[in-house]
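One letter stands for each residue in the lines below.
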Amino acid sequence: NLSQFNHNDTSAYALLLAQYGNGWAARIGVSYSNSRGTELDTEDFSEFFPNIGVMKAYTVSDQTVAIFDAYLGQHATTISAIPGIVGEDELDNFEIAASYGLKYTEGAFSLSPKYLLSYKTFDNDDRNDFSHIFSLKGNYLINESFDLGVFGTYTTRDSDIDSNDYDNLDGGLGLTLNARF
């Protein structure tokens, strides 16, 4: 019975952004997310993530834009406690991350490779994680409001607690609706 794994997920993000004429931008923001189990309507996970960051976008060629992004922030989490095993704030951590990506456009097609490096140190555990995320997105602009996309992501995490190491490969296809107002 897989119904116990059904969840309704919600997220929101608010930020203040300052953009400069030289391509740099600075931001401060906070995100909130939660996951509620549908069986018992319980909040199994929630997270506040206040963060600050910088970004630099610049033109590499007529068809290619490069984007550097770096941020740091504190993940304040609440998870369903399992007495003696997992505490409610078990996943609280401080994160520093940086990414570099390109967006190549040719007519209605775009291709976007990206690399992200993340370091997390956990508050309630003697644990430090390094994550490497490699992604590739391709999009085809159908019209002003719709695009069709494919993506692939490879993630590897190296933790000083071996049982938290993992490798993951994701891929998919999507249709995006962009509304401007």
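Just above sits the structure.
Cut-offs used in this document
- Residues numbered from 1 in each chain as written.
- Predicted model: local features only at pLDDT ≥ 70, side-chain atom pairs only at ≥ 80, totals over all residues.
- Heavy atoms only, no water.
- Phe/Tyr/Trp six-rings, centres within 6.5 Å; stacked < 30°, edge-to-face > 60°.
- Helix = DSSP H or I, 4+ residues; strand = E, 2+ residues; numbered from the N terminus.
- Buried < 20%, exposed > 50% of the residue type's maximum accessible area, 1.4 Å probe, protein only.
- Lys NZ or Arg CZ within 6 Å of the ring centre and 35° of its normal.
- Pairing = 2+ DSSP bridges.
- Salt bridge = Lys/Arg side-chain N within 4 Å of Asp/Glu carboxyl O.
- Axes fitted to C-alpha atoms, helices over the stretch in contact; angles between N-to-C directions.

**Points about the packing of aromatic side chains**
Under the criterion given, the structure shown has seven aromatic pairs. An angle of 75° between the planes, with centres 6.4 Å apart, marks the rings of Trp 24 and Phe 68 as edge-to-face. Here Trp 24 is found in strand E2 (residues 24–37), whereas its partner Phe 68 is found in strand E4 (residues 64–79), with 44 residues between them in sequence. The class of Trp 24 is partly exposed, set by a relative accessible area of 34%. Taken together, the ring pairs connect Tyr 115, Phe 134 and Tyr 154 into an aromatic cluster. Sitting above the plane of the Phe 122 ring, Arg 127 keeps its charged end 3.9 Å from the centroid.

**Comments concerning the pairing of strand E9 (residues 166–177)**
With zero of twelve residues buried, E9 lies mostly on the surface of the structure. The sheet contact formed by strand E8 (residues 146–159) and E9 spans twelve bridges and is antiparallel. Within E9, the position partnered with Thr 153 by the bridge is Asp 170. The antiparallel pairing of E8 with E9 creates a hairpin that spans six residues between the two strands.

**Concerning the pairing of strand E1 (residues 7–19)**
Where E1 and E2 come together, 13 bridges link them in antiparallel fashion. Its bridge partner being in E2, Tyr 13 is matched across the sheet by Ser 31. Connecting the antiparallel pair E1 and E2 is a turn made up of four residues, with Gly 23 showing a positive phi of about 95°.

**Here we look at the pattern of salt bridges**
Scanning the model with the defined rule gives three salt bridges in all. One salt bridge connects Arg 27 with Asp 69, and the closest N-O pair in it is separated by 2.9 Å. Here Arg 27 is found in strand E2, whereas its partner Asp 69 is found in strand E4, with 42 residues between them in sequence. Through salt bridges that share partners, Arg 127, Asp 129 and Arg 157 make up one connected network.

**Quick word on the sheet that holds strand E3 (residues 42–61)**
Strand order in the open sheet made by the nine strands is E1-E2-E3-E4-E5-E6-E7-E8-E9, with antiparallel pairing throughout. Where the open sheet ends on each side, the last strands, each with one partner, are E1 and E9. Ignoring which end each strand starts from, the neighbouring axes of this sheet average 20° apart. Here 13 bridges tie strand E7 (residues 128–141) to E8, and the two strands are oriented antiparallel to one another. Bridge pairing in E8 places Gly 138 opposite Val 150.

From the geometry alone we can't say anything about function, so treat these as descriptive.
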